[in-house]
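Inside the fold
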Amino acid sequence: MPKWLKNAVFYEIYPQSFYDTNGDGIGDFTGIIEKLDYIRDLGCNALWINPCFDSPFKDAGYDVRDYKKVAPRYGTNSDLYRLFEEAHKKGIHVLLDLVPGHTSEEHPWFKESQKAECNEYTNRYVWTDHPFAPIKGYPYIGGECERAGVYLLNFFKCQPALNYGFLNCEEKWQLPPDHPDCIATREAMKDVMRFWLDHGCDGFRVDMAASLVKNDDEVKSGTCALWRNIREMLDEEYPEAAMVSEWGDPVKALNSAGFHMDFYLNRPGNGYNTLMRDYETGEDNSFFKKDGRGDITRFLEEYLPDYTATKEHGYYCMLTCNHDTLRPKYNLDDEELKLAYAFLFTMPGVPYLYYGDEIGMRYQKLPTKEGGYHRTGSRTPMQWSAEINAGFSTGSADALYLPVDPTADAPNVAAQEMDENSLLNTVKALLKLRREEEDLQADAGFEVIYAESKRLPFVYRRGDILIALNPSAETTTAAVEAGSRSVRFSIGKGKAENGTITLEPQSFLVLK
Ligand code: GLC
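Quantities reported herein were computed from a predicted structural model and do not represent experimental measurements. (Residues numbered from 1 in each chain as written. Predicted model: local features only at pLDDT ≥ 70, side-chain atom pairs only at ≥ 80, totals over all residues. Heavy atoms only, no water.)

1. Some points on the sheet that holds strand β18 (residues 494–497)
Within a sheet, neighbouring strands are paired by backbone hydrogen bonds and run either parallel or antiparallel to one another. Strand order in the open sheet made by the three strands is β16-β19-β18, with antiparallel pairing throughout. Every other strand in the sheet has two partners, leaving β16 (476–478) and β18 as the edge strands with one partner each. Here the average twist between neighbouring strands, direction ignored, is 15 degrees. Sheet topology places β18 next to strand β19 (residues 500–503); four bridges connect them, and they run antiparallel. Across the sheet, residue Gly494 finds its bridge partner in β19, namely Leu503. (Pairing = 2+ DSSP bridges. Helix = DSSP H or I, 4+ residues; strand = E, 2+ residues; numbered from the N terminus. Axes fitted to C-alpha atoms, helices over the stretch in contact; angles between N-to-C directions.)

2. Considering the nonpolar core
One broad rule of soluble globular proteins: the nonpolar side chains tend to lie buried together. With 144 residues, the main nonpolar core has Phe10, Tyr11, Trp196, Trp227, Met261, Tyr352 and Phe508 as its most contacted residues. Within the second largest apolar cluster, 11 residues are counted, among which are Val459, Ala468, Leu503 and Leu509. (Core = buried A, V, L, I, M, F, W, Y, C linked by side-chain atoms within 4.5 Å. Buried < 20%, exposed > 50% of the residue type's maximum accessible area, 1.4 Å probe, protein only.)

3. A few points about the pairing of strand β5 (residues 93–98)
Buried residues dominate β5, accounting for five of its six residues. Of the pairings in the sheet, the one linking strand β2 (residues 46–49) to β5 comprises three bridges and is parallel in character. Across the sheet, Trp48 pairs through a bridge with Leu95, a residue of β5. Pairing of β5 with strand β8 (residues 203–206) involves three bridges; the strand directions are parallel. Following the sheet pairing, Leu96 is matched in β8 by Phe204.

4. What to know about the packing of helix α5 (residues 180–198) against helix α6 (residues 221–237)
Two elements in contact, α5 and α6, have axes separated by 11 Å at closest approach and are oriented at 35 degrees. As α5 packs across α6, the resulting crossing turns out to be right-handed. Contacts between α5 and α6 pair Arg186, Glu187, Lys190, Met193, Arg194 and Leu197 from the former with Leu226, Asn229, Ile230, Met233, Leu234 and Glu237 from the latter. Among the residues making up the contact of α5 with α6, the classes are represented as six nonpolar, one polar and five charged. (Left-handed = near helix turned anticlockwise from the far one by under 90°. Contact = heavy atoms within 4.5 Å. Nonpolar A, V, L, I, M, F, W, Y, C, P; charged D, E, K, R; others polar.)

5. Some remarks on the pattern of salt bridges
The full count for this structure, using the stated rule, is 43 salt bridges. The shortest N-O distance in the salt bridge between Glu370 and Arg73 comes to 2.8 Å. One end of the pair, Glu370, is in the loop between β12 (352–354) and α11 (413–418); the other, Arg73, is in the loop between β4 (66–70) and α3 (77–89), and 297 residues separate them in sequence. The shortest N-O distance in the salt bridge between Arg488 and Glu437 comes to 2.7 Å. Of this pair, Arg488 sits in strand β17 (residues 487–491) while Glu437 sits in the loop between α12 (423–436) and β13 (446–450), and the two are 51 residues apart along the sequence. Residue classification places Arg488 among the partly exposed residues on the basis of a relative accessible area of 29%. (Salt bridge = Lys/Arg side-chain N within 4 Å of Asp/Glu carboxyl O.)

6. Brief notes about the site of the ligand
Near the ligand there are 13 residues, and of these Asp59, Asp207, Glu246, His323 and Asp324 occur at the shortest range. Within the contact set of the ligand, an oxygen atom lies 3.0 Å away from a side-chain nitrogen or oxygen of Arg205. A distance of 2.8 Å separates an oxygen atom of the ligand from a polar atom in the side chain of His323. With the chains in place, 96% of the 300 Å² that the ligand exposes on its own is no longer accessible. Of the residues that constitute the shell around the ligand, the class distribution is three nonpolar, three polar and seven charged. (Near = heavy atom within 4 Å. Polar contact = N/O pair within 3.5 Å; in protein donor to acceptor, adjacent residues only side chain to side chain. Areas by Shrake-Rupley, 256 points an atom, 1.4 Å probe, with all protein chains shown as cover.)

7. Topic: unusual backbone geometry
Negative phi characterises most residues that are not glycine, and trans characterises most peptide bonds. Cis geometry is found at the peptide bond from Leu456 to Pro457, where omega equals 5 degrees. Residue Phe57 is not a glycine yet carries a positive backbone phi of 60 degrees. Looking at the secondary structure, you find Phe57 in the loop between β3 (53–54) and β4. Judged by its relative accessible area of 11%, Phe57 is buried. Even without a glycine there, the phi angle at Ala390 is positive, about 55 degrees. Residue position: Ala390 is located in the loop between β12 and α11.

8. A few points about the side chain of Ser378
Within the element layout of this structure, Ser378 appears in the loop between β12 and α11. Look past the residues within four positions of Ser378 in its chain and what remains in contact with it is Thr325, Leu326, Arg327, Tyr354, Tyr355 and Tyr363.

9. A closer look at the sheet that holds strand β1 (residues 10–13)
Spatial ordering of the open sheet is given by β11-β10-β9-β8-β5-β2-β1-β12, a layout of eight strands whose pairing is parallel. Either end of the sheet is taken by a strand with one partner, and the two such strands are β11 (315–317) and β12. Strand-to-strand twist of the sheet, defined as the mean angle between neighbouring strand axes without regard to direction, takes the value 25 degrees.

10. Regarding the packing of aromatic side chains
Considering all chains together, one arrives at 48 aromatic pairs under this definition. Ring centres 4.9 Å apart and planes at 80 degrees place the aromatic pair Tyr38 and Trp384 in the edge-to-face group. In this pair, Tyr38 sits in helix α2 (residues 36–42) while Trp384 sits in the loop between β12 and α11, placing the two residues 346 residues apart along the sequence. By the burial criterion, Tyr38 is buried, and Trp384 matches it. (Phe/Tyr/Trp six-rings, centres within 6.5 Å; stacked < 30°, edge-to-face > 60°.)

11. Quick word on the state of the cysteines
Any covalent bond linking the sulfur atoms of two cysteines counts as a disulfide. As enumerated under the stated definition, the model contains zero disulfides in all. Just so you know, Cys52 is unpaired, no disulfide at all, and the nearest cysteine sulfur is the one on Cys201, 9.2 Å from it. (Disulfide = S-S within 2.5 Å.)

Put into structure tokens, the structure is as follows:
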């Protein structure tokens, strides 16, 4: 396990929208370099950058055309190497996004693979042996290639699936994972990883990590075996490199596949969803809404067994949001967000902050851009100031990758820096607290002290630190003995006296 993860706090950067230094309306590597001090002062010491590789951008870069070359719109490979270097000087680690499940249909491997004559890349993707027969259980495309077969898709139409084999082969064109051509795909992905690690990158966020071996079993034994093989390579050659999976199933991702971290992803009705985004059914029952209709036990029922089963193996990670999810500001105001972040940043595992969530950037209703659809509204330019284009770019407003929040009260960094009660300053204070208290970091234990269905507060212990949380607009109490602990940090007001913790409306108390 890379030691630096123990106190890591990640900042996710969607490079298109972070900071544009050459006025072309789109973010760039130089922009990220210029904002490294901001990121460090915020309290983040690690970055995850969404795919920044050469791509036709039909899925915002998740359709990679060249794994080893950056997209010119962000700069050059040398700029990215410089970013690694500058980040390291400031104690910041950098993860790139690895997209191992598919490439763009414009990738040279695919161009070779679709040829009628056999070549080195014939089996690099999944093809049937007949141009009219469908693929059972998977999306596919026919009629577009020289080759007399149809090919399997991993996501959009532009993303043919790379071939890591089928655990249970049912057709003669399906190859087992240990077929030399499937192993060649895996080795090609290792080669991509080594390329970036050798240039100074610190690891990868892995896209659709569960999707590699097809016809896999319930426990994903085929896909997990593949990742374990890759983990062995890392342990041997790059022991400080870190991998986080987009999986959302920590027992598989951490215990079986060997990822260091797995994201707790938002899925309608799951435990994480009940915290901040429980509005799909029409009524908003999110735990962090101040009307207090939420129920923390719905989160704990799912989280606790997963946390308990995986805590010795890796980190199950809390996110404020990501580039696929509606921003938390969609339904929570800044006071509600402060408490939600207080919770996320004091939980075990490694927290991830999505750019702009620290100032409460809004979700924008926008037409789709680069395959974003409803996700587009969470990908708008970072709001640095009240200057032109919110300080994101000096280019013309029509040239921007996406429009900036047009409202007069759009939050921005410069204004929030001046306001000691701002969301931004609360995030800074919370991350400072986490940095100073080992008991609030990735490894320290987590125990539920008081959590009753439809009742508040919620009280939990991290190491020796006791934390109490009341997201509602009512004062709440719980019979909890805090011992000799006193208040180390608070949002709102609360106290622990004579075996009772009392929390005023919307408050958070850290007792040490
Ligand atoms: C992941 C990414 C998403 C992308 C998809 C296909 O879910 O987070 O943005 O569209 O994979 O690569």
